[in-house]
Each structure stands twice: as structure tokens, then as C-alpha cells.
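# Observations on the model geometry
As a plain string of letters, each chain reads:
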Protein chains: 2
Amino acid sequence: MPDTRDTTAPAPLTADFFDPACPQSAMPIRIGEKWAGMVVACLADGPRRFSELKVPLRGITPKVLTETLRALERDGMVTRTAYPETPPRVEYELTDLGRTLLGPIQACREWAAENLPALLAAREAHQEGLDRR
Amino acid sequence: MPDTRDTTAPAPLTADFFDPACPQSAMPIRIGEKWAGMVVACLADGPRRFSELKVPLRGITPKVLTETLRALERDGMVTRTAYPETPPRVEYELTDLGRTLLGPIQACREWAAENLPALLAAREAHQEGLDRR
DNA sequence: CGGGATCCACTATGATACTG
DNA sequence: CAGTATCATAGTGGATCCCG
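Residues numbered from 1 in each chain as written. Chains lettered and ligands numbered in written order. Predicted model: local features only at pLDDT ≥ 70, side-chain atom pairs only at ≥ 80, totals over all residues. Heavy atoms only, no water.

A word on the overall build of chain A. A tally of helices and strands in chain A yields five helices and three strands. In sequence order, the secondary structure elements of chain A are arranged as α-β-α-α-β-β-α-α. Here chain A holds 133 residues, and 38% of them are scored as buried. Across chain A, contacts joining residues at least 24 apart in sequence account for 46% of those joining residues at least 6 apart. (Helix = DSSP H or I, 4+ residues; strand = E, 2+ residues; numbered from the N terminus. Buried < 20%, exposed > 50% of the residue type's maximum accessible area, 1.4 Å probe, protein only. Contact = heavy atoms within 4.5 Å.)

See the structure below:
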């Protein structure tokens, strides 16, 4: 296999990021904000209740969790089922479309597990370089 | 293969999102903002110059591109090489660590290619549901 | 329990103009 | 060319209180 990194200049960039009408096509999982990926991951094993989701997402406010779930619902990623009981019970579950997100999310989490230490080390080294000036 | 979705309640959530000291461990590629993933993708084929990167990321302002590149540099994802010429020339290139990002990014882009239409359709259907009220 | 309503703070992103 | 400086804005996240 030849070295793909030749000494000549690489081909001109013919990016298509914006052609498919999606400015975020490289990173669609950032559906709106920072919690969506974690919420989807929490729903991987089956339906969950509102307060059940708050536990692992520690610190998330009800408002933000609601907004995140509404955005995911709007995009067809989760379904919301309210049971007319007292006390009320609401369950959120991934749709088939939502489950397709688990692949990319898992890829990202594995990346983090493997490479986050290196990232943090690089960041710290960089900080030291700044401190020594 | 048995159905993994049993009728009993799924196991309690034992999320580890925050245990590894990284609140974003599920989504580290969102290193800071929305452009980082696209910038890394643009660097996939070799070093690129500042103004070369601006083309595919159409509309990005120099300020934001600089900030994005600095953040990636700080985290050890790209190197910055300035050539003392006139006119000045600066090249950005992925490090080995930065290249590990290409996998997850590619997974996300493939997800978008396959499922973005469904997402947009769901969003539109949801909007119609609201309109008809 | 599962939110909705307000108000507030921060940060990412952007437009514009200028410089080594 | 490759940025920096300044200003302005909007999206996001959060605190707090309230309700069916």
C-alpha cells in the first residue's frame, strides 16, 4: 500500500458540508445542544421516565431536560407516552430512527475512552508552555 | 437471536458520563463548538492553509476559524506551522491524535447521509401537526 | 410526578474594520 | 495572507418558583 500522504499538495477541498442543505452534516448529533447525545445514550436500554433520566444527567434542570426531550421528539428520535394516572407517569423511548443514533454515539464514546487522556495531557502540556512565558 | 427488548423494566441507569471527569464524554468531538468537526474533516487529506480552510466552511469568519484552530491546537489535535515568508504562509495539519477523530466523524457523517432525510421529514410532520391545531 | 413560567448569565457565533 | 480588535447578538444553560 502506497503512502497516502504524498509530498505534493493534497487535492483542493471540495467540501460538501453545506450542499446537502445541512450546515451540521458533519455533526448532526449535536441536534441542538449538549445534552441530546447523553439523553439518547440513557434511552439505549429501553423506555425511561423523566425523573429516571435526571439521575445520570446529574445537575440537569427540569427545564433543560424538557427542552432536550422536546427537540428529540420533534426530530422523530424519541416518543413521549403519558399515562393518565395519579401521580402522572411519562415515559420516553427511542424510535427506530433514534436507535440509529446509537452507532455514532457509541463511536464517539469509544473515542473518548481511548483518547481522552491524551487530549487532557496535551491540554495540560500546552498550559504549561503558556505558564513558562 | 433473542429480542433484547424484554418486557420487564430495563436495568437502572448507571451512567458514567460524569465519572471520568469529563462532562462531555459522550460527545467529545464537540470539542467546544460547532466548527471543530468540519475543520478536522477538511484536514483529513493533508495540511491546509488558513484561507484554504475558509472556502469549504463558507461564511466562517476569520475570528471563529482562528478560535477553532487554537482550541484544536491546544488539545493536541492539529499543529500550526508558520513559514517566515512574504506573504506569510501558515499550514495546519492533523496530529496522530487528531487523526483518531476521523473515525467518529466519519461515523457521524455517514449517519447524516443515511438518516438526515428521515429527521427532516419527521420535523416537518411535527410542524404540520402543530399547524393544524 | 412531571413539568411550565420567568428571569438571568454565559458563551458561541457573527459582522465589520484594521494590521504585521 | 493570516490574522487581531471591537462590538453586537442569539442560542444555550441555569435558578427559582409555581401548577395540575
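The next subject is helix 3 (residues 62–74) of chain B. Residue and element names in this part refer to chain B. Taking 1.5 Å as the rise per residue, helix 3 with 13 residues should run 18 Å; its terminal C-alpha atoms sit 18 Å apart, in good agreement. In the core, the buried residues of helix 3 are packed alongside helix 1 (36–42), helix 2 (50–54), strand 2 (78–83) and strand 3 (89–94). At the C-terminal side of helix 3, Gly76 shows a positive phi close to 75 degrees. (Expected span 1.5 Å × (residues − 1).)

Residues and elements named next belong to chain A. Within the secondary structure, Glu85 is located in the loop between strand 2 (78–83) and strand 3 (89–94). Judged by its relative accessible area of 38%, Glu85 is partly exposed. Of the polar contacts made by the side chain of Glu85, one reaches the side chain of Arg89; its length is 3.1 Å. (Polar contact = N/O pair within 3.5 Å; in protein donor to acceptor, adjacent residues only side chain to side chain.)

To continue, consider the pairing of strand 3 of chain B. Moving residue by residue along a regular strand, the side chains alternate between the two faces of the sheet. Residue and element names in this part refer to chain B. Pairing of strand 1 (residues 48–49) with strand 3 involves two bridges; the strand directions are antiparallel. When the bridges of strand 3 are listed, Arg49 appears paired with Glu91. In the sheet, strand 2 pairs with strand 3 via six bridges, with the strands oriented antiparallel. The partner of Thr79 across the bridge, within strand 3, is Glu93. Between the end of strand 2 and the start of strand 3, which pair antiparallel, lie five residues. (Pairing = 2+ DSSP bridges.)

What follows covers the sheet that holds strand 2 of chain A. Residue and element names in this part refer to chain A. Judged by pairing direction, the sheet is antiparallel, and its three strands sit side by side in the order 1-3-2 without closing on themselves. On the outer flanks of this sheet lie strand 1 (48–49) and strand 2, each paired with one strand and no other. Along the sheet, helix 3 (residues 62–74) contacts strand 2 and strand 3; its crossing angle with strand 2, the most-contacted strand, is approximately 115 degrees. (Axes fitted to C-alpha atoms, helices over the stretch in contact; angles between N-to-C directions.)

Another point: the pattern of salt bridges. In this structure the tally under the stated criterion is twelve salt bridges over all chains. Residue Glu91 of chain A is joined to Arg89 of chain A by a salt bridge in which the shortest nitrogen-to-oxygen separation is 3.4 Å. Here Asp75 of chain B ties to Arg123 of chain A by a salt bridge, and the two come within 2.7 Å at their closest N and O atoms. On the criterion of chain membership, the pair formed by Asp75 of chain B in the loop between helix 3 and strand 2 and Arg123 of chain A in helix 5 (residues 102–131) is interchain, its members lying in two chains. Look at Asp75 of chain B and you get buried, because its relative accessible area is 0%. One salt-bridge network, in which partners are shared between bridges, spans Arg74 and Asp75 of chain A together with Arg123 of chain B. (Salt bridge = Lys/Arg side-chain N within 4 Å of Asp/Glu carboxyl O.)

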